[in-house]
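Residue-level structure breakdown
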Amino acid sequence: MTVGFDRRKVETVRHDNTTNRIGSPAHDDLVAQDARHVLHPWADLSTLGIQKSLIISRARGVEVRDSRGRTYLDAIGGMWCVTVGYGREELVDAMQQQARRMAYFTPFGDISSEPAARLAAMLAELSPGDLNRVQFTTGGSTAVESAVRIAHYYHAARGRPEKHHVLSRVNAYHGGTYLTASLSGKEADRTAFHYESGWVHHLENPVYDPDNSPVSARERLDGLVAGMAAAIEQIGAEKIACFVAEPVLASGGVLVPPPGYHRAVLELCRRHDILYISDEVVTGFGRLGHFFASESRFGIVPDMIVTAKGLTSGYQPLGAVLVSDRVADSLVRTADPAKPVFSNGFTYSGHPVACATAIANIEVMTREDICGHVREVGPYFIQRLRELRRSPIVAAVRGDHLMACVECHVPGENGPTARNQALARRVDAHCESAGLLVRPYENLCILSPPLVVTTEEIDRIVDILAASLDRAENDLRADVIR
Ligand SMILES: Cc1ncc(COP(=O)(O)O)c(C=O)c1O
C-alpha cells in the first residue's frame with residue numbers, strides 16, 4: 001500500500017532526456033572542470049584537484065539523475081531541505097513570474113517587496129506564540145548568526161553589554177560562517193580554521209538513546225539540566241546572552257534529547273534572562289511533522305526560531321529569524337534615539353524570487369497536508385530502519401519522523417574510529433551503486449528523504465540499505481576494509 005501522494009497527479013516540469021554518458025566529452029569536461037576549479041563545502045582536501053564529483057543534472061519527485069543518466073533515490077532530501085519533491089511546476093512558475101515581474105530590489109531600510117511582506121505574514125501565522133517579527137536572511141548560517149546578533153543587541157540596548165556569551169552544545173551544527181562555525185560543536189569540523197572560544201561555550205551533547213543508555217530518561221534529563229545549571233553558575237548568568245539549540249541535533253548525528261528536555265532548559269533560560277534560540281533549520285518545515293517543531297513537538301515557545309532549507313524546499317536560498325514581539329518591542333523601546341538603526345542584514349535578505357518560491361512552497365505543503373503525511377509515514381520510516389539493527393555492523397539507529405541515521409561499527413569497536421568510518425563509507429558506496437544516495441558523515445549514514453516520500457519508496461530505501469549493509473559486512477569479513 002502506498003500512503004500519501006499519488007505523484008502521477010502532481011504536475012512536474014518536463015525534462016529533455018539528453019544525458020552525458022561517461023566518456024562523452026560533456027560528462028568528462030564537467031568532471032574535469034569541477035576537479036580543477038571548485039572548492040566544495042566540506043571538501044576532502046586529500047583529493048582536491050583529482051576529485052571525481054557526482055554531477056547531478058536532473059531531478060523529479062524523490063529521484064535525481066546524474067550527468068551519465070543514472071537515477072538515484074534521494075534519501076538525503078538535497079541536504080535536509082527538499083519538502084515537496086523535485087520539479088514542482090507551481091514552485092517553478094512562482095520563481096519565473098517573480099523574476100519576470102521584479103527580480104530584485106534592495107530590502108534595506110523601509111523598502112520591501114510584495115513577496116517578502118506576504119511571506120513574513122505567513123510565517124508569523126505559522127509560528128507559535130508571539131513570534132511575529134521576521135528578519136529575512138540568505139540561508140541558515142546567516143539566520144543563526146543574525147539571531148545571536150539580535151540577542152546581543154537586546155541585552156546591550158538594555159544596558160547590559162557584558163551579557164554577550166553564547167551557550168551551544170557539543171555535536172551541534174549551526175553553520176559555516178565564523179560565528180556559527182564557532183557555535184558548532186562537532187569535533188571533526190574543528191580544523192585549522194580559527195574559532196571564537198572566549199565567549200562561546202559548549203554544553204554536553206544532550207542525546208538520550210533508550211536502546212543504548214545505562215540510565216533512565218528521567219536520570220538523563222536531571223543530569224543534563226544540572227549540568228546546564230552548573231555551567232550558567234560558572235560562567236555567570238549576567239554574562240550569558242542566549243542559548244542556541246537544534247530541537248533534534250541534525251548533522252551531529254540525529255541526536256534526540258530525553259522527553260521534557262526542551263521545557264526544562266527553557267525554564268532555566270527564563271530564570272536567568274537568557275534568550276532561547278531554536279535552530280529549526282532542519283526540524284522546521286515538516287521534517288518532524290509540523291511547520292515548526294518547537295511548540296508542536298516539544299511544547300516550548302522560544303524567543304526566536306531560525307528557519308531555512310525546507311522554507312523554499314531547496315528551490316532557492318533563503319533563511320529567516322522569527323523574533324518574538326517581546327524581544328522585538330524591546331529593541332524598539334531601548335534603541336539609542338540618536339542612532340536607532342538596526343545594522344544587520346544582507347543585500348539578498350528576503351530576495352523577492354526566493355520569497356515568492358517560499359510562498360508557493362507553503363501553499364503546496366498546506367494544500368497537500370504534507371505535515372500530516374509526515375506524521376503518517378514518519379513512524380513507519382523509523383520502524384523499518386530499526387529492523388536494520390539486526391545487522392552486526394549496525395551500532396545504533398536513531399531518528400524522529402523523516403530525520404534518521406544508521407550508525408555503523410566494526411563489532412566491538414565504538415565511535416567514529418578510522419575503521420568504523422571506512423565501513424560506513426563502504427555502506428554509502430554500495431548504496432550509491434544500487435541507486436540510493438545517503439549522506440555519509442563519520443561512521444553514520446544520515447537519511448532525510450523528501451517529505452513526499454511514500455511507504456513504497458521507504459521500503460526501497462530500507463531494502464537497498466539492508467543489502468548494502470550485508471555487502472559491507474562481507475567486505476569486512478574479507479578484510480578489505482581498513
Ligand atoms: C541545524 C542547522 N543550522 C544551520 C545550518 C546552516 O544552514 P546553511 O547551510 O543554509 O547556511 C544548517 C545546515 O545544515 C543546519 O543543519
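Residues numbered from 1 in each chain as written. Predicted model: local features only at pLDDT ≥ 70, side-chain atom pairs only at ≥ 80, totals over all residues. Heavy atoms only, no water.

Regarding the overall build of the protein chain
In terms of regular secondary structure, the protein chain is built from 14 helices and 15 strands. Its C-alpha radius of gyration of 23 Å places the protein chain within 12% of the 23 Å reference for a compact globule of 482 residues. Its C-alpha atoms give the protein chain principal-axis dimensions of about 65 × 60 × 45 Å. Of all intrachain contacts in the protein chain linking residues separated by at least 6 positions in sequence, the fraction that spans at least 24 positions is 74%. When the accessible surface of the protein chain is split by element, carbon and sulfur atoms take 53% of a total near 21200 Å². (Helix = DSSP H or I, 4+ residues; strand = E, 2+ residues; numbered from the N terminus. Rg over C-alpha atoms; globule rule 2.2 N^0.38 Å. Contact = heavy atoms within 4.5 Å. Areas by Shrake-Rupley, 256 points an atom, 1.4 Å probe, with all protein chains shown as cover.)

Thoughts on the sheet that holds strand 11 (residues 394–400)
Strand order across the open sheet formed by four strands is 11-12-15-14, with antiparallel pairing between neighbours. Since the sheet does not close on itself, it has two edges, and those belong to strand 11 and strand 14 (439–441), each with one partner. With direction set aside, neighbouring strand axes in the sheet form an average angle of 20 degrees. Here strand 12 (residues 403–408) pairs with strand 15 (residues 444–447) via four bridges, running antiparallel. (Pairing = 2+ DSSP bridges. Axes fitted to C-alpha atoms, helices over the stretch in contact; angles between N-to-C directions.)

Quick word on the pattern of salt bridges
Going through the model one piece at a time under the given rule, you end up with 23 salt bridges. With a closest N to O distance of 3.7 Å, E368 and R367 form a salt bridge. Residue E387 pairs with R384 through a salt bridge whose shortest N-O separation is 3.1 Å. E387 gets classed as partly exposed once you look at its relative accessible area, which sits at 36%. One network of salt bridges, in which partners are shared, links R88, E90, R367 and E368. (Salt bridge = Lys/Arg side-chain N within 4 Å of Asp/Glu carboxyl O. Buried < 20%, exposed > 50% of the residue type's maximum accessible area, 1.4 Å probe, protein only.)

Digging into the pairing of strand 11
When you tally the buried positions in strand 11, you get five out of seven residues, the bulk of the element. By the bridge criterion, six bridges tie strand 11 to strand 12 in an arrangement that is antiparallel. Looking at the pairing, V397 lines up with V406 of strand 12. Counting the residues in the hairpin turn of strand 11 and strand 12 gives two residues, including H401, whose phi is positive at 50 degrees.

Looking at the side chain of H27
Mapped onto the fold, H27 is located in helix 1 (residues 25–37). A polar side-chain atom of H27 sits 2.8 Å from a polar atom in the side chain of S67. (Polar contact = N/O pair within 3.5 Å; in protein donor to acceptor, adjacent residues only side chain to side chain.)

Some points on the packing of helix 7 (residues 217–235) against helix 8 (residues 261–271)
For the pair helix 7 and helix 8, the least separation of the axes is 10 Å and the interaxial angle reads 20 degrees. Considering the angle they form, helix 7 stands roughly parallel to helix 8. As helix 7 runs across helix 8, the sense of the crossing is right-handed. Across from L221, L224, V225, M228, A229 and I232 in helix 7, the residues of helix 8 making contact are Y261, A264, V265, L268 and C269. In terms of residue class, the contact of helix 7 with helix 8 is built from 11 nonpolar, no polar and no charged. (Parallel < 35°, antiparallel > 145°, perpendicular 65-115°, else oblique. Left-handed = near helix turned anticlockwise from the far one by under 90°. Nonpolar A, V, L, I, M, F, W, Y, C, P; charged D, E, K, R; others polar.)

Regarding a nonpolar patch on the surface
Together, L39, L45 and L48 make up an exposed nonpolar region whose accessible area comes to about 330 Å². Looking at the secondary structure, you find L45 in the loop between helix 1 and strand 1 (56–60). L45 gets classed as exposed once you look at its relative accessible area, which sits at 64%. (Patch = residues over 30% accessible without salt bridge, like charges linked within 9 Å, V, L, I, M, F, W, Y side chains within 5 Å.)

Digging into the site of the ligand
Around the ligand lies a shell formed by G139, G140, S141, Y173, H174, G175, E246, D279, V281, V282 and K309. In the environment of the ligand, an oxygen atom lies 2.9 Å from a nitrogen or oxygen atom belonging to the backbone of G140. Within the complex, the protein chains bury 83% of what would otherwise be the 390 Å² of accessible surface of the ligand. Of the residues assigned to the shell around the ligand, the class counts are three nonpolar, five polar and three charged. (Near = heavy atom within 4 Å.)

Looking at the nonpolar core
Among the nonpolar cores identified, the biggest contains 69 residues, and L119, L123, F136, L385, V427, L447 and L465 are the most heavily contacted of them. Split by domain, the residues of this core number at least three in each of domain 1 (54–84 + 370–477) and domain 2 (91–367). Of all hydrophobic cores here, the second largest spans 25 residues; its members include V166, V281, V306 and A328. (Core = buried A, V, L, I, M, F, W, Y, C linked by side-chain atoms within 4.5 Å. Domains from an automatic or database assignment.)

Regarding the domain arrangement of the protein chain
Annotation of the protein chain at the domain level lists domain 1 (54–84 + 370–477) and domain 2 (91–367). The distance between the C-alpha centroids of domain 1 and domain 2 comes to 27 Å. On the side of domain 2, 33 residues touch domain 1, which itself brings 32 residues to the contact. Here domain 1 and domain 2 share an interface that buries about 2500 Å² over both sides, 60% of which is from carbon and sulfur atoms. (Buried area = accessible area lost by both parts, 1.4 Å probe.)

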